[in-house]
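Inside the fold
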Amino acid sequence: MARYLVIVESPAKVKTIKKFLGSNYVVAASNGHVRDLPKSQLGVDVENDYEPKYITIRGKGEILANLRKEVKKADKVYLATDPDREGEAISWHLSKALKLEDKKVYRISFNEITKNAVKASLKTPRDIDMDLVDAQQARRVLDRVVGYRISPLLWAKVKRGLSAGRVQSVALRIIADREAEIDAFIPEEYWTLDAELNVKGERKPLIAKFYGTEKEKMTIESKEHLNKILKELDGADYEVSEIKKGERTKKAPVPFTTSTLQQEASKALNFATSKTMRIAQQLYEGVDVKGSGTVGIITYLRTDSTRISEEADANVRSYIGEQYGSQYVAAEGARKSGSQKIQDAHEAIRPTDVTRTPAMLKDSLSRDQFRLYQLIWKRFVASRMMPAVYETTSVKIAAGKYRFNVATSKIAFEGFRLIYTEAGEEKDEKGVLLKGLDENSELSLEQFDSKQHFTQPPAHYTEASLVKTLEELGIGRPSTYAPTITLIINRRYVAKENKNLYMTELGEVVNNIMMHSFPSIVDVSFTANMESLLDGVAEGKVRWKTIIENFYPDLDAAVKKAEEELEEVKIEDEVTDVICEECGRNMVIKYGPHGKFLACPGFPECRNTKPYLEKIGVKCPMCGKDVVIRKTKKGRRYYGCENNPECEFMSWQKPSEKKCPQCGNYMVEKGNKLLCSNEQCGYTESIKKRKKIKEIY
């Protein structure tokens, strides 16, 4: 009997696929990549056409030995690694490492691990796609030369084992730019004014919001402006001037791509991007379903596409019609447009079988697996349902020359919202409008409700919003978002607190060096253009080594220039006036993974260390002691009193010695302005002295 060997990437898939195939098939796993560039050297021959030097990854020798034994026994070898660029490269490396040139070798790929998909792929094998392999090689070599040429410089300059990366450095720069925007933001005051109106014959009052005049919308800018409006409204008659009824529709969402799944899982389930990908991988590779054995329950998780197969489309429409009624099934072709993207090799992320509902699988899945599967299942079903329809009513109320308005909407047809609403979506407004309200309704003022507000700075990035920005800017690809974000958090360049991402002192130093010495590496447009060139390699339009040839000489020149500058900057340990209580020496400032700290220069005889509290030359407004730079547990910087915990003073912005001339509170630096720390005061002034630019070294 003929013997066939099927090689997959992960051991989890072996169990799932084995049961789909006959006894003459052997399924084995490579456990991911088997060859890579060496860790101990650059691994790219820059003198000889940038040829990469691949070696067997440590620990993979035994796996390869076992695979070679199976190859010898096999009549045919099927390489069934993941259906993407990385998977294609693993298949190519396997063919080289296992010396499969003389064997009957077939590349097969499937978008979902189901019996039909696996069997269909065996009927349509193909050759390894060298364009995809070369795209992966180009990416790997680019990432290697950037990391291995720049990271030693960071180590030398900042005195610790740091790293730079082609995508991670741009992600860090994007966060740094947002932090700078937030730091420079000056809040502006505005007021809202609501009128509580009694409607004759009705019990409940009507709350109308100030709009402006008949001709234009107005912003109430200050208390004085508010008082002027209130004075002019004194004694005014209130009457309904216009009632508009209408209808609006909300389209059903498209199925998930890798990016949108990461964003929605972050918002709805509070999952980190890495956690979303880990659990999605489990759902794709196979879970033990009671009564069915090990089954892959979602399609491949790394995709840019919102397209789904005709078969899946027909199945979900049939399911919706049976479960909810034909009136909920979306019109044919409603989702055809706008889904063709660069990497449209895969379908969107969807359940492999729509009739396998979350409720049916609840007992077979862990809590997190269930929650993610439910999110994917609901989104997919919703994508083929009718839009939601809302009845809207807008009422304008005249009061002298001013106008107030009341707007409400109520759902007329739920459509896709019957099963799915996005995280953070506003709840339907209550029916605040009264059915009997018309142009003849008699209104009388009960009271005004005015509130002071301040404009808010741009929001800090979250993992979800950073993924969205990286995707919009064309930085990285679906498979790189999660590892990139995980890396900058693990390196402590960025701190994550309550979902928000903040720059640490360490991150600021690294970003400043990259901006100064390697501006093109952290340039968003440059990196996005590089991504499109790499896509060109995958499409067979660009030779992969051409990209390296054009990139490396400029990188090499920038590194050499930075090395020369480095020789001029000798970083000595800064001696302080703090005496080591154990041996009497003056302690010095050192750098560690969490930032600066005080250490005894007598190391290793004396190992005494202390936290380093850097004074900023400003007295604490609460107790008069020195204000120092402190850090949260995760590395985010703030300003606090050296007398903490006795004194509880803290500020995210740098405090100033200057007191506010209006209210006497302390002022803080924001960009090029001083701002009163009391939000209710709102006093600002320009910083007259030009601040010395912080030395990045």
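Residues numbered from 1 in each chain as written. Predicted model: local features only at pLDDT ≥ 70, side-chain atom pairs only at ≥ 80, totals over all residues. Heavy atoms only, no water.

1. Observations regarding the overall build of the protein chain
Scanning the protein chain from terminus to terminus reveals 17 helices and 30 strands. Along the three orthogonal principal directions, the C-alpha set of the protein chain runs to about 100 × 85 × 45 Å. Looking at the 697 residues of the protein chain, the share that counts as buried comes to 48%. Taking all contacts inside the protein chain whose residues are at least 6 apart in sequence as the whole, residues at least 24 apart take part in 65%. Entry remark: accessible area of the protein chain is about 35,500 Å², with carbon and sulfur atoms responsible for 47%. (Helix = DSSP H or I, 4+ residues; strand = E, 2+ residues; numbered from the N terminus. Buried < 20%, exposed > 50% of the residue type's maximum accessible area, 1.4 Å probe, protein only. Contact = heavy atoms within 4.5 Å. Areas by Shrake-Rupley, 256 points an atom, 1.4 Å probe, with all protein chains shown as cover.)

2. Quick look at the pairing of strand β2 (residues 25-29)
Counting buried positions over the 5 residues of β2 gives 5, a clear majority of the element. Every second residue of β2 is oriented toward a common face, with Y25, V27 and A29 on one face and V26 and A28 on the other, all of them buried. Note: strand β1 (residues 4-8) against β2, 5 bridges, orientation parallel. Its bridge partner lying in β2, Y4 is registered against Y25. On the question of chirality, the crossover connecting β1 to the parallel β2 by way of helix α1 (residues 11-18) is right-handed. (Pairing = 2+ DSSP bridges. Right-handed = clockwise from strand over helix to strand, strands pointing away.)

3. Focus on the side chain of Q137
With respect to the helices and strands, the residue Q137 is situated in helix α5 (residues 130-158). Polar contacts involving the side chain of Q137 include one to the side chain of Y54, which spans 2.7 Å. Each residue touching Q137, except ones within four places of it in the same chain, is listed here: P52, Y54, W92 and W544. (Polar contact = N/O pair within 3.5 Å; in protein donor to acceptor, adjacent residues only side chain to side chain.)

4. With respect to the packing of aromatic side chains
For the structure on display, the rule yields 15 aromatic pairs. Look at Y54 and W92: their rings are 6.1 Å apart centre to centre, the planes differ by 80°, and that puts the pair in the edge-to-face class. With Y54 in the loop between β5 (51-52) and β6 (55-56) and W92 in helix α3 (residues 85-97), this pair connects stretches of sequence that are 38 residues apart. Note on accessibility: Y54 and W92 belong to one class, buried. Among the aromatic side chains, those forming a connected cluster through ring pairs are F210, Y238, Y402, F404 and F448. We note R248 situated over the ring of Y390; from NZ or CZ to the ring centre the distance is 4.2 Å. The ring of Y211 carries the charged tip of K396 above its face, separated from the ring centre by 4.8 Å. (Phe/Tyr/Trp six-rings, centres within 6.5 Å; stacked < 30°, edge-to-face > 60°. Lys NZ or Arg CZ within 6 Å of the ring centre and 35° of its normal.)

5. Remarks on unusual backbone geometry
F603 connects to P604 through a cis peptide bond whose omega is 10°. The residue P604 is located in the loop between β21 (595-599) and β22 (609-611) in this model. Looking along the chain, the bond that leaves N644 and enters P645 is cis, with omega of 10°. The phi angle at D49 is positive, at roughly 60°, despite the residue not being glycine. Within the element layout of this structure, D49 appears in the loop between β4 (44-45) and β5. For D49, a relative accessible area of 36% translates into the label partly exposed.

6. Remarks on empty space enclosed by the protein
On inspection of all chains with the given rule, the structure shows 3 cavities of 30 Å³ or more. In this structure, the largest cavity encloses a volume near 50 Å³. Together, S266, N270, F271, A272, T462, E463, K496 and K499 line the largest cavity. Residue classes in the lining of the largest cavity are distributed as 2 nonpolar, 3 polar and 3 charged. (1 Å grid on protein atoms, 1.4 Å probe; cavity = no way out; pocket = protein on both sides within 12 Å on 5 of 7 lines; lining within 4 Å. Points joined across faces, edges and corners; volume = space filled by probe spheres on them. Nonpolar A, V, L, I, M, F, W, Y, C, P; charged D, E, K, R; others polar.)

7. Re α1
Buried within α1 we find K13, V14, T16 and I17. Of the surrounding elements, those touching the buried residues of α1 are β1, β2, α4 (115-123), α9 (273-285) and β13 (293-295).

8. What to know about the sheet that holds β2
Strand pairs in the sheet, formed through backbone hydrogen bonds, run parallel or antiparallel to each other. In spatial order, the strands read β2-β1-β7-β8; together these 4 strands make up an open sheet with parallel pairing. Every interior strand has two partners, whereas the edge strands, β2 and β8 (104-107), have only one. Taking each pair of neighbouring strands and ignoring which way they run, the sheet shows an average axis angle of 20°. Pairing between strand β7 (residues 76-79) and β8: 4 bridges, direction parallel. The residue bridging V77 from the neighbouring strand is V105, located in β8. (Axes fitted to C-alpha atoms, helices over the stretch in contact; angles between N-to-C directions.)

9. Considerations on the pattern of salt bridges
Tallied over the entire structure, the rule returns 38 salt bridges. D449 serves as the salt-bridge partner of K451, at 3.0 Å between the closest nitrogen and oxygen. Judged by its relative accessible area of 43%, K451 falls in the partly exposed class. When the shortest N-O distance is used, the salt bridge between E463 and K496 registers 2.9 Å. Remark: K496 occurs in strand β17 (residues 494-497) and E463 occurs in helix α13 (residues 463-473); sequence separation between them is 33 residues. Taken together, the shared-partner salt bridges in this structure form one network comprising D49, E51, R543, K545 and E549. (Salt bridge = Lys/Arg side-chain N within 4 Å of Asp/Glu carboxyl O.)

10. Points about the sheet that holds strand β24 (residues 626-631)
Sheet architecture is open: 4 strands sit in the order β23-β24-β25-β26, paired in antiparallel fashion. Looking at strand neighbours, the two that pair on one side only are β23 (614-619) and β26 (650-651), the edges of this open sheet. The sheet contact formed by β24 and strand β25 (residues 637-641) spans 5 bridges and is antiparallel. The partner of V627 across the bridge, within β25, is C641.

11. Focus on the nonpolar core
In this structure, L21, F110, L283, I297 and L372 are the most contacted members of the largest nonpolar core, which totals 63 residues. The biggest single contributor to this core is helix α12 (residues 367-382), with 9 residues. In this structure, I297 is in contact with L283, V287, V289, R350, P351, T352, R356, L361, L365 and Y373, ignoring residues within four places of it in sequence. Judged by nonpolar contacts, the second largest core, of 56 residues, contains Y54, L153, L162 and I548. (Core = buried A, V, L, I, M, F, W, Y, C linked by side-chain atoms within 4.5 Å.)

12. Re the pairing of strand β10 (residues 206-213)
Regular strands show a simple pattern: their side chains alternate between the two faces of the sheet. Judged by how many residues are buried, β10 sits mostly within the fold: 6 of 8 residues are covered. As paired elements, strand β9 (residues 189-199) and β10 share 4 bridges and run antiparallel to each other. Among the inter-strand pairings, E196 is bridged to a residue of β10, identified as I207. Where β9 folds back on β10, the antiparallel hairpin that results is connected by 6 residues, among which G201 adopts a positive phi of roughly 90°. The pairing of β10 with strand β15 (residues 402-413) spans 4 bridges and is antiparallel.

13. Considerations on the packing of helix α8 (residues 258-269) against α9
Two numbers describe how α8 lies on α9: the axes approach to 9 Å, and their chain directions differ by 115°. Regarding α8 and α9, the two cross each other, and that crossing is right-handed. In this structure, α8 uses T258, L261, Q262 and A265 to contact α9, whose residues at the interface are T273, T276, M277 and A280. (Left-handed = near helix turned anticlockwise from the far one by under 90°.)

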